[in-house]
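Spelled out, the chains give:
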Amino acid sequence: MNAITIQSIDLHTVLLPYLAPFETSFGAETDKVAVLVELMTESGAVGWGECSIELWPGYGHETAETAEHMLREFMAPAAVGATICDPREFPALIRRFRGNHHARAGLEAAVWDAFAKANDMRLTDLFALCAPEDHESEGKATVGVSIGIQPSLEATVDVVRSRLDQGYGRIKLKIKRGWDVEVARAVRAEFPDVLLMLDANSDYRLEEADHLAQLDAFDLLMIEQPLSHDDIYEHGLLQKRLKTRLCLDESVKSASDLRIALQVGAIGILNLKPARVGGFSECLEIYRICVENELPLWIGGMLETGVGRAANLALASLPAVNLPSDISATDRYFAADISEPPFVLGADSALAVPEGEGIGVEVRRDRLEEAKRRWIEKYPYGKAVAR
Ligand code: OSB
Ligand code: MG
């Protein structure tokens, strides 16, 4: 393998309008904000990574500005000048800075992309080399679509129908307190056979276990993150009272968290998000734990631009990712993405990993500049949030 030496790092904060606002239990977002990391190596390879964040610190606690700050003041200076022989060495260079997983994951993603390109290979094949033996990229990933909270049950059923017509084979509905049993009932009644799951984004408390148990009636694939974003223990207590498998998202921020969740019976399925766990090295460690424990696994998303989505797709195409991932086609998110080519849904609800080296998509400089201008001009804190 060719080593890389990091020569310089540029940060680009972009704002891209969603085709439709996305509402979860913590609010509605109209635009994607992302800090994109562009990393130049001494040999001329250029790697890209995305810090997956949102305008409102409702899912995680980071924002574009905290990510920019951490990267500019601490993490990027610690990375520049370093020579890396294996991307899994990279986390040690920034380990002395605590937390800030979304920022850290964006920088590490750029390192992985540059390293793959410096070795003339796809990122997905580089991941496979770091996975357990005989785990090779399948070159595509089965995906589903995540549907935000809609204004009515009828609107929800209509959106589900249009996504099924587009070819998505698994539907995830966002729920919150007061928007749960009836929405599951309405969608299940209309589509008795669809693979259906719910995501509560931490809105419930353990005292609501009996209420949540009503959801057992709808043959759900899983319920994602019903309890607090930082709880593991009570999810274990809740699981004992539900037939439906619990999937953890927010609560698993590291391999160590996953081991605890397994130990206390808090997890039946893992949503693995590279941003949440602080990067792809940690993802590969978590992947190994899932294989060893036969824990069903899929890759989550945060409505990323093409840069982040391409890297997530590279991971999602590894064989132990055995449930549909939250990585949809470009036209589910944006009119014009930052990168080309767009992702198009193929047969069997699958997305193909691009053939090119690294993440396999190219950043369009014109769109990048436009999206950077948009961020500076619009700066929509507050305005973007309807509660
Ligand atoms: O909880 O999985 C989540 C988007 C933003 C923040 C949190 C979540 C989500 C999604 C979107 O569900 C999935 C996607 O990227 O398509
Ligand atoms: Mg989730």
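Residues numbered from 1 in each chain as written. Chains lettered and ligands numbered in written order. Predicted model: local features only at pLDDT ≥ 70, side-chain atom pairs only at ≥ 80, totals over all residues. Heavy atoms only, no water.

1. A look at the nonpolar core
Using the following cut-off: In these notes, a set of buried Ala, Val, Leu, Ile, Met, Phe, Trp, Tyr and Cys residues joined through side-chain atoms within 4.5 Å is what counts as a nonpolar core. Here's how the labels work: a residue is buried when its accessible area is under 20% of the maximum for its type, exposed when over 50%, partly exposed in between, all with a 1.4 Å probe on protein chains only. Counting from the N terminus, the helices are the DSSP runs of H or I reaching at least four residues and the strands are the DSSP runs of E reaching at least two. Just so you know, the domain bounds were taken from an automatic or database domain assignment. Pairs of residues are marked as contacts when any of their non-hydrogen atoms sit within 4.5 Å.
Among the nonpolar cores identified, the biggest contains 128 residues, and Leu215 and Leu270 are the most heavily contacted of them. Considering every element that reaches this core, the biggest residue donor is helix α3 (residues 101-118), with ten residues. Viewed by domain, this core spans two of them, domain 1 (4-120 + 364-378) and domain 2 (126-362), each represented by three or more residues. Ignoring anything within four residues of it in the chain, the contact list for Leu215 reads Ile175, Asp180, Val181, Ala184, Leu198, Leu220, Ile223 and Thr244.

2. Looking at the pairing of strand β7 (residues 170-174)
Rules: Consider the strands pointing away from the viewer: the crossover is right-handed when the path from the first strand over the helix to the second runs clockwise.
Of all the five residues making up β7, five are buried; the element is thus mostly covered by neighbouring parts of the structure. Covered by surrounding structure in β7 are Arg170, Lys172 and Lys174 together with Ile171 and Leu173, the residues of both alternating faces. Since strand β6 (residues 145-147) and β7 lie parallel, the crossover through helix α5 (residues 153-166) that links them has a hand, and here it is right-handed. Following the chain from β7 across helix α6 (residues 181-190) to the adjacent parallel strand β8 (residues 195-199), one finds a crossover that is right-handed.

3. Examining the side chain of Glu68
Condition: N or O atoms closer than or at 3.5 Å make up a polar contact, with two conditions inside protein: a donor-capable atom paired with an acceptor-capable one, and, for residues adjacent in sequence, both atoms drawn from side chains.
Locating Glu68 in the fold gives a position in helix α1 (residues 64-79). You can call Glu68 buried: its relative accessible area is 16%. Engagement of the side chain of Glu68 in a polar contact is seen with the side chain of Thr13, the distance being 2.5 Å. When residues no more than four places from it in sequence are discounted, the contact partners of Glu68 are Leu11, Thr13, Val35 and Trp375.

4. Remarks on the pattern of salt bridges
For clarity, the cut-off: By convention in these notes, a salt bridge is any Lys or Arg side-chain nitrogen within 4 Å of a carboxyl oxygen on Asp or Glu.
All chains considered together, the criterion is met by 25 salt bridges. In this structure, Glu340 and Arg364 form a salt bridge, with 3.5 Å as the shortest nitrogen-oxygen distance. Separated by 24 residues along the polypeptide, Glu340 in strand β13 (residues 339-340) and Arg364 in the loop between β15 (362-363) and α13 (365-378) bring together distant segments of the chain. By relative accessible area, which is 30% here, Arg364 ends up partly exposed. Note that Arg367 is salt-bridged to Glu340, the shortest N-O span being 3.1 Å. Remark: Glu340 occurs in strand β13 and Arg367 occurs in helix α13; sequence separation between them is 27 residues. Residue classification places Glu340 among the partly exposed residues on the basis of a relative accessible area of 27%. Salt bridges here are not isolated pairs; linked through shared partners, they connect Arg170, Lys172, Lys174, Asp199, Glu224 and Asp326.

5. With respect to α5
Worth spelling out the cut-off: Take the residue count of a helix, subtract one, and multiply by 1.5 Å to get its expected span. Arc definition: it is the arc formed by the directions from the helix axis to the C-beta atoms.
Over its 14 residues, α5 extends 20 Å from the first C-alpha to the last, a length consistent with the 20 Å expected when each residue adds 1.5 Å. Burial in α5 covers these residues: Thr156, Val157, Val160 and Arg163. Angular distribution of buried residues about the axis of α5 spans 125°; they occupy a single face of the element. Opposite the packed face of α5, turned more than 90 degrees from it, sit the exposed residues Glu154 and Asp165.

6. Things to note about helix α9 (residues 255-263)
The complete set of buried residues in α9 reads Ala255, Asp257, Leu258 and Ala261. Seen end-on, α9 carries its buried residues on one side only, within an arc spanning 155°. Against β10 (246-248), β11 (269-272) and α11 (280-293) lie the buried residues of α9. At the exit of α9 stands Gly265, carrying a positive phi of roughly 65°.

7. Side note on the site of ligand 1
Our working definition: One heavy atom suffices: a residue is near a molecule or strand as soon as one of its heavy atoms comes within 4 Å of it. Only the protein chains shown count as cover for residues, and all accessible areas are computed by the Shrake-Rupley method using a 1.4 Å probe. Throughout this entry, Asp, Glu, Lys and Arg are counted as charged residues, while Ala, Val, Leu, Ile, Met, Phe, Trp, Tyr, Cys and Pro are counted as nonpolar. The remaining residues, Gly among them, count as polar.
Ligand 1 sits among 16 residues. The nearest are Ser146, Lys174, Asn201, Leu303 and Tyr333. Asp199 places a side-chain nitrogen or oxygen 3.0 Å from an oxygen atom of ligand 1. In this structure, Lys273 approaches ligand 1 through a side-chain N or O atom, which is 3.0 Å from an oxygen atom. Burial of ligand 1 by the protein amounts to 100% of the accessible area it has alone, namely 390 Å². For the shell around ligand 1, the class distribution of residues is five nonpolar, three polar and eight charged. Here the shell around ligand 1 spans two domains, since at least three of its residues come from each of domain 1 (4-120 + 364-378) and domain 2 (126-362).

8. Remarks on the sheet that holds β7
Heads up, the rule is: Any two strands with at least two DSSP-identified bridges between them are counted as paired.
Spatial strand order, β6-β7-β8-β9-β10-β11-β12: seven strands in an open sheet with parallel pairing. With partners counted over all chains shown, the strands left at the sheet margins are β6 and β12 (297-299), one partner each. Here two bridges tie β10 to β11, and the two strands are oriented parallel to one another. Residue pairing in the sheet places Cys247 in a bridge with Ile269 of β11.

9. Considering the environment of Leu323
Take Leu323: it is sitting in the loop between α12 (306-316) and β13. Here Leu323 falls in the buried class, since its relative accessible area comes to 15%. Sequence separation of Leu323 and Ala76 is 247 residues, and the distance between their C-alpha atoms is 35 Å. Look past the residues within four positions of Leu323 in its chain and what remains in contact with it is Thr142, Met222, Ile269, Pro296, Leu297 and Trp298.

10. Points about the domain arrangement of the protein
This is how the line gets drawn: Two parts placed together each lose some accessible area under a 1.4 Å probe, and the buried area is that loss summed for both.
Domain parsing of the protein yields domain 1 (4-120 + 364-378) and domain 2 (126-362). Here the C-alpha centroids of domain 1 and domain 2 sit 22 Å apart. If you look at the interface, domain 1 gives 39 residues, while domain 2 gives 46 residues. Between domain 1 and domain 2, roughly 3,700 Å² of surface is buried when both sides are summed, and carbon and sulfur atoms account for 65% of that area. Sorting the residues of domain 1 by area buried against domain 2 places Phe22, Tyr59 and Trp112 first, and these three jointly supply 19% of that buried surface. At the surface where domain 1 touches domain 2, the tally comes to three salt bridges. Among the secondary structure elements, those contributing two or more residues to the side of domain 1 that touches domain 2 are β1 (4-24), β2 (27-41), β3 (46-52), α3 and α13. By residue number, the principal contributor to the side of domain 1 that touches domain 2 is α3, which donates eleven residues.

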